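Structural characterization, general
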Amino acid sequence: MSAGTLSAFERSLGRLDVDSTRTVADELDDALASVTLDPVVGAPLPFGGCSLPDWVRTDPTPAELDEAKTGVTAAELAVADYGSVVIRATPDATEQVSLFPDVHVAVVRAADVVPGMPEAFERLAEWTADGDSAIVATGPSATADMGALVKGAHGPKEVRVVVVE
Amino acid sequence: MSSTRDEKATRIRHFLATEGDAVAEGTRGFNAGRYESVGRLDEYEELKDRARAIKEDAIERLPELVDQLRESVEANGGTLYVADDADDANRYIREVVEERDAETVVKSKSMTTEELEVNDELRAADVDVVETDLGEWVLQLADEVPSHIIAPAIHKSREGIAELFETTFDLDEPLETAEELTMFAREKLGERIAEADVGMTGANFIAADSGTLLLVTSEGNARKSVVVPDTHVAVAGVEKVVPSVTDFQPFVELIGRSGTGQDITSYVSLLTPPAPSPTVEFDAPDVPMTDGETNREFHLVLVDNGRMAMREDEQLKETLYCIRCSACANSCGNFQSVGGHVFGGETYSGGIATGWETGIEGLDVAAEFNDLCTGCSRCVNACPVKIDIPWINTVVRDRINRGEGGKLDFLVEGLTPDEESGGLDLGKRFFGNFSTVAKLGSATAPVSNWVAGTRPARRLLAKTVGVDPRRDLPSFQRETFRAWFERRGGAQVPAARARREAVVYPDLYTNHVQVERGKAAVRTLEALGVHVVVPEVPSSGRAPLSQGMVSTAARHAHEVYAALAEHVDANRDIVVVEPSDLAMFRREYEKFLAPKSFERLDMHSYEVMEYVYGLLHVGAETTLLSTPDGDDAGVAYHSHCQQRTLGLESYTVAVLEDLGYDVVTSETECCGMAGSFGYKSEYYELSMDVGEPIREQFEAADAANRTVVASGTSCLEQLDALLSRPTRHPVELVAPR
């Protein structure tokens, strides 16, 4: 991934009103502390050298999921052109954690940001060939069905991205 | 007016009044968004070509792909069922739901389940079915049907929805803002999703190689409906299958842009069920989700319901390439005014609905709204898979004509011999044979114009062929364009001294009605050093084609080519004034002529202002043409639908600007006249409503003093009706005085 791709990703996120923060693995705890609202639930990060702080409740119950203000998950892939984060469905309830709380915080490794959809689909094709499911999520959920654009129809009202360099 | 015409007019008037404003605001917003969003895409045309190629290949290999998909789905642990028709699909779905002892099914919006009417089947089995798409839920509460493919409740205003919620839920305090309404719906639907036993979705695409479904949503309801309950039933038309997951890519980039003007929707789910995500047991709120055993069940129901037969039908096959993005609806002038409750059929709506409804429901359903397509072709470039939607409408119109039977009218039959079988509706026969009408009209002018203007004649025209009495009729000129050309002694620039040689095509309107624009075209070309000839050439066949008289149109095509071939051989350019005729040469003739003949005519034909542009850009002097006076207020220009579809609007603008005119162009998709459409009594009010945006634009302060010019005959007539100032063809403006 080139520096150009990463800044293109950040520009796209800006257009979507999605805040993004750059950090390094050692400082991930602090970065997350500044972008989450309590209570926080999460799904374990599949990245070597990166883990969620212990104040993030992983393995949540439905009640905890329901009460959480923030859900933190990994995005194992991101698309610079669109500002999309790609969330792979896992038995750790990644999909639920990214979907139910009002704020979704996606943790993305800089190396996993690809320029466009053609590159993203190369990887998505490999995942799905292995039987996996994934969500390409771009900004918060939204609807215009009630006469004006409203964020947070069923999914999160706000998305924040933490890029780990 | 006949009673059926009267009923139709009343119905249109009703929907114009009740739903018109909401539909207009929504569709025009989506359509404007589409232009902006595809404008940001560098490789838009390439993506469309790839999308088209993927669908062509997939439909061609569909049976083989379905076999492959079955293997993939079963290998993943799911079940694939191919349902022959709606009853078969409904029975299967009901059995799955009953086996799970499901009390509640939550649905994510799916047009295919609307087609099947699966909700009725499940309700009859005492299963509670809840639509979770916000718009669809509103319609479920109101007991209405969708009016739009992707925005089902587009016809409902915010105030209407607030009122509906207030009465349905007996609210103490009314909800007002869109935010309040949305959050109320989120909460209510969240409860229903939490208790649901089965989640049902559609699928935008399905990959045969891995069994992966692609679901495009913005609200997140499909994600919740799939991830919370333990059973997922996906229902989709069999045409949604594509070979592989990589084939999803162009569609992911095109579908949101084409539909609502979003670069991409919030969520694009690639589901390869059953997913590893744990189910969410809200009735065991304190047990960690990952502790439970996830025993997910997945059923994919592929619905044939006429589709495999459409695949065998050369003309309807293209319909199966449709990705249901709604771009054809949003870009359609008529749809923008009345929406799907008038425009659509049983389920599908917009331009492509004629194909769907013919294939799925039958010709009689398609016939109810096929007339609403005026053939303006504005949807052609909007379609991300390049379906020639007006052609499908024409073919279906032809089949309706042939299928209806009825008694012959010998007077009309004798007056207007054509290739069509008898029993054709009189109005269609009149408009379809307009060339004969025009010849008679000129031969007997001015008497014909006076007679046509009398009350008894207007009443007769209204009664027999349905021409609305409020419309001014074309005024036939006694001296035709060709007769004028002969009388002046033919060409005035000798071939030997000419820069180029050209045929000015004497189309029906230029020859008989808009004679002045023909003269202006000749004077303009000659001023720029062109040797002009105006031979006798038959009419293009546009008029019969518009009425669905395909074989008559084909005969015209052959005769026109025969008359022009020698000129093309002599290296003369064919210059066409009427854009709808040029569009015949460049688009529809491909269906009628041998490929080489089509190509030769296409290559040698030019729209008149395109041709003038070409002459000016190879060195002809602009000073030879008319330029504006010092105090000229500028030009308000309305191109023509088919001319814009062909990408020709810019030439007229460029020529006018080169000559020093200040030009504003119309922003609306269509003026609402489109050939015979606006003359018909049942469509008169709709036609005027479609024209309203152009009237507003051209009467606004910055355009009110400008000279109005328009390229097409129909546009000129509509603008004459809409505005209080005169209109002209642009070539009349630039012709030497």
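So, how was this worked out
Residues numbered from 1 in each chain as written. Chains lettered and ligands numbered in written order. Predicted model: local features only at pLDDT ≥ 70, side-chain atom pairs only at ≥ 80, totals over all residues. Heavy atoms only, no water. Helix = DSSP H or I, 4+ residues; strand = E, 2+ residues; numbered from the N terminus. Rg over C-alpha atoms; globule rule 2.2 N^0.38 Å. Buried < 20%, exposed > 50% of the residue type's maximum accessible area, 1.4 Å probe, protein only. Contact = heavy atoms within 4.5 Å. Areas by Shrake-Rupley, 256 points an atom, 1.4 Å probe, with all protein chains shown as cover. Pairing = 2+ DSSP bridges. Polar contact = N/O pair within 3.5 Å; in protein donor to acceptor, adjacent residues only side chain to side chain. Axes fitted to C-alpha atoms, helices over the stretch in contact; angles between N-to-C directions. Buried area = accessible area lost by both parts, 1.4 Å probe. Salt bridge = Lys/Arg side-chain N within 4 Å of Asp/Glu carboxyl O. Nonpolar A, V, L, I, M, F, W, Y, C, P; charged D, E, K, R; others polar. Parallel < 35°, antiparallel > 145°, perpendicular 65-115°, else oblique. 1 Å grid on protein atoms, 1.4 Å probe; cavity = no way out; pocket = protein on both sides within 12 Å on 5 of 7 lines; lining within 4 Å. Points joined across faces, edges and corners; volume = space filled by probe spheres on them. pLDDT = per-residue confidence, 0-100. Core = buried A, V, L, I, M, F, W, Y, C linked by side-chain atoms within 4.5 Å. Phe/Tyr/Trp six-rings, centres within 6.5 Å; stacked < 30°, edge-to-face > 60°. Lys NZ or Arg CZ within 6 Å of the ring centre and 35° of its normal.

A closer look at the overall build of chain B
- Counting its secondary structure elements, chain B contains 37 helices and 18 strands.
- Taken over the C-alpha trace, chain B has a radius of gyration of 28 Å; the compact-globule value for 737 residues is 27 Å, and the two agree within 12%.
- The principal-axis extents of the C-alpha atoms in chain B amount to approximately 95 × 60 × 50 Å.
- Taken over 737 residues, chain B has a buried fraction of 63%.
- Taking contacts inside chain B between residues at least 6 apart in sequence as the whole, the part at least 24 apart equals 77%.
- Carbon and sulfur atoms form 47% of the exposed surface of chain B, whose accessible area is close to 27,600 Å².

Section: the sheet that holds strand S17 (residues 707–710) of chain B
All names here are of chain B.
- One open sheet accounts for four strands, arranged S16-S15-S17-S18; its pairing is parallel. Only two strands of the sheet have a single partner each, and these edge strands are strand S16 (663–665) and strand S18 (727–728).
- When S17 meets S18, the two strands line up parallel, connected through two bridges. The residue bridging Val708 from the neighbouring strand is Thr727, located in S18.

Focus: helix H8 (residues 134–142) of chain B
- All of the buried residues along H8(B) are Leu134(B), Gly135(B), Glu136(B), Trp137(B), Val138(B) and Leu139(B).
- The inward-facing, buried residues of H8(B) abut strand S10 (142–143) of chain A together with helix H6 (111–116), strand S3 (128–131), helix H9 (158–169) and helix H10 (178–195) of chain B.
- Among the residues of H8(B), the N-terminal cap falls to Asp133(B), whose side-chain oxygen and the backbone nitrogen of Gly135(B) are separated by 3.2 Å.

Points about the sheet that holds strand S12 (residues 530–533) of chain B
Residue and element names in this part refer to chain B.
- Strand order across the open sheet formed by four strands is S12-S11-S13-S14, with parallel pairing between neighbours. Strands at the two margins of the open sheet, each flanked by one partner only, are S12 and strand S14 (605–607). The sheet shows a mean angle of 35° between the axes of neighbouring strands, taken without regard to direction.
- The pairing of strand S13 (residues 573–576) with S14 spans three bridges and is classified as parallel. Paired with Val575 across the bridge in S14 is Tyr606.
- Sitting on the sheet, helix H31 (residues 595–604) is in contact with S13 and S14, with an inclination near 40° to S14.

Here we look at the interface of chain B and chain A
- Each partner contributes residues to the interface: chain B has 60 residues there, and chain A has 51 residues.
- Summing both sides of the interface, chain B and chain A together bury roughly 4,600 Å²; the carbon and sulfur share of this comes to 63%.
- With a closest N to O distance of 3.5 Å, Arg186(B) and Asp102(A) form a salt bridge.
- Going through the elements one at a time, H8, H9, H10, helix H11 (221–227), helix H12 (248–259) and strand S9 (267–271) of chain B are the ones with two or more residues in the side of chain B that touches chain A.
- Of the residues forming the side of chain B that touches chain A, the biggest block, eight residues, is contributed by H10(B).
- Per-class residue counts for the side of chain B that touches chain A are 30 nonpolar, 16 polar and 14 charged.
- Of the pairings in the sheet, the one linking strand S9 (residues 134–138) of chain A to S9(B) comprises four bridges and is antiparallel in character.

Considerations on the packing of helix H30 (residues 579–592) of chain B against H31(B)
Residue and element names in this part refer to chain B.
- Look at H30 against H31: their axes get within 9 Å of each other, and the N-to-C directions meet at 175°. In this view, H30 runs roughly antiparallel relative to H31, as classed from their interaxial angle. Contacts between H30 and H31 involve Phe585, Arg586, Arg587, Tyr589 and Glu590 on the former and, on the latter, Phe598, Leu601 and Asp602.
- Among the residues making up the contact of H30 with H31, the classes are represented as four nonpolar, no polar and four charged.

Notes on the side chain of Asn305(B)
Residues and elements named next belong to chain B.
- Counting through the fold element by element, Asn305 comes out in the loop between strand S10 (297–303) and helix H13 (307–311).
- Residue class for Asn305 comes out buried when judged on its relative accessible area of 12%.
- In terms of polar contacts, Asn305 uses its side chain to reach the side chain of Glu115, at 2.8 Å.

Remarks on the pairing of strand S2 (residues 104–107) of chain B
Residues and elements named next belong to chain B.
- Judged by which residues are buried, S2 turns out to be covered on both faces: Thr104 and Val106 on one side and Val105 and Lys107 on the other are all buried.
- In terms of strand pairing, S2 meets S3 through four bridges, oriented parallel. Paired with Thr104 across the two strands is Asp128, which belongs to S3.
- With three bridges connecting them, S2 and strand S4 (residues 198–201) associate as parallel partners. Within the sheet, the bridge partner assigned to Val105 lies in S4 and is Val198.

Notes on empty space enclosed by the protein
- Taken as a whole and assessed by the stated rule, the structure comprises seven cavities of 30 Å³ or more.
- The volume enclosed by the largest cavity comes to roughly 190 Å³.
- Around the largest cavity sit 21 residues that line it, and Val226(B), Val227(B), Leu271(B), Ala275(B) and Arg296(B) are the ones nearest its centre.
- Broken down by secondary-structure element, the contributors of at least two residues to the lining of the largest cavity are S9 of chain A together with H11, S9 and S10 of chain B.
- Here the element with the most residues in the lining of the largest cavity is H11(B); it accounts for four residues.

Side note on the confidence of the model for chain B
Residues and elements named next belong to chain B.
- In this model, chain B carries an average pLDDT of 91, and 96% of its residues clear a pLDDT of 70 or more.
- Across residues 404–417 the pLDDT falls below 50, and counting only partners more than four positions away or on other chains, this stretch makes 18 contacts in the model.
- ipTM for the predicted complex: 0.97, alongside a pTM of 0.93.

What to know about the pairing of strand S6 (residues 212–217) of chain B
Residues and elements named next belong to chain B.
- Most of S6 is tucked away, with six of its six residues classed as buried.
- Burial along S6 is two-sided: Thr212, Leu214 and Val216 facing one way and Leu213, Leu215 and Thr217 facing the other are all buried.
- Strand direction decides the pairing type here: strand S5 (residues 205–207) and S6, joined by three bridges, are antiparallel. Its bridge partner being in S6, Phe205 is matched across the sheet by Leu214.

Things to note about the nonpolar core
- Residues Leu124(A), Phe248(B), Leu270(B), Leu300(B), Leu302(B) and Ile387(B) are the most contacted members of the largest nonpolar core, which totals 93 residues.
- Dropping the residues within four chain positions of it, Phe248(B) is found in contact with Phe121(A), Phe205(B), Ile206(B), Ala207(B), Thr212(B), Leu214(B), Val242(B) and Leu270(B).
- Within the second largest apolar cluster, 37 residues are counted, among which are Val504(B), Val575(B), Met609(B) and Val663(B).

Some thoughts on the packing of aromatic side chains
- Evaluation of the coordinates by the stated rule reveals 19 aromatic pairs over all chains.
- Ring geometry for Phe100(A) against Phe282(B): centres 6.1 Å apart, planes inclined by 50°, an arrangement best described as tilted. Highlighted residues: Phe100(A) in the loop between helix H4 (94–99) and strand S7 (103–109) and Phe282(B) in the loop between S9 and S10, drawn from two different chains.
- An aromatic cluster of at least three residues, connected via ring pairs, comprises Trp137(B), Phe165(B), Phe169(B) and Phe184(B).
- Sitting above the plane of the Trp127(A) ring, Arg88(A) keeps its charged end 4.1 Å from the centroid.

What about the environment of Glu166(B)?
Residues and elements named next belong to chain B.
- When you line up the elements, Glu166 lands in helix H9.
- Glu166 gets classed as partly exposed once you look at its relative accessible area, which sits at 32%.
- For the pair Glu166 and Gly675, spaced 509 residues apart in sequence, the C-alpha to C-alpha distance is 46 Å.
- Apart from the residues within four sequence positions on either side, Glu166 is in contact with Leu171 and Pro174.

Notes on the pattern of salt bridges
Residues and elements named next belong to chain B.
- A complete count under the given rule lists 65 salt bridges over all chains for this structure.
- Two residues, Glu610 and Arg586, come together in a salt bridge whose shortest N-O distance is 3.1 Å. Here Arg586 lies in helix H30 and Glu610 lies in helix H32 (residues 608–617), a separation of 24 residues in the sequence. For the pair formed by Glu610 and Arg586, the shared burial category is buried.
- Overlapping salt bridges, with partners in common, bring together Arg13, Asp468, Arg470 and Glu685 in one network.

Quick look at unusual backbone geometry
- Residues Asp38(A) and Pro39(A) are joined by a peptide bond in cis, for which omega reads -10°.
- Mapped onto the elements of the fold, Pro39(A) is located in the loop between helix H2 (28–35) and strand S2 (40–42).
- Along the chain, Pro273(B) connects to Pro274(B) via a cis peptide bond; the corresponding omega equals -5°.
- Mapped onto the elements, Pro274(B) comes out in the loop between S9 and S10.
- Although it is not a glycine, Arg324(B) adopts a positive phi angle of roughly 55°.
- For Arg324(B), the position within the fold is in the loop between H13 and helix H14 (327–330).

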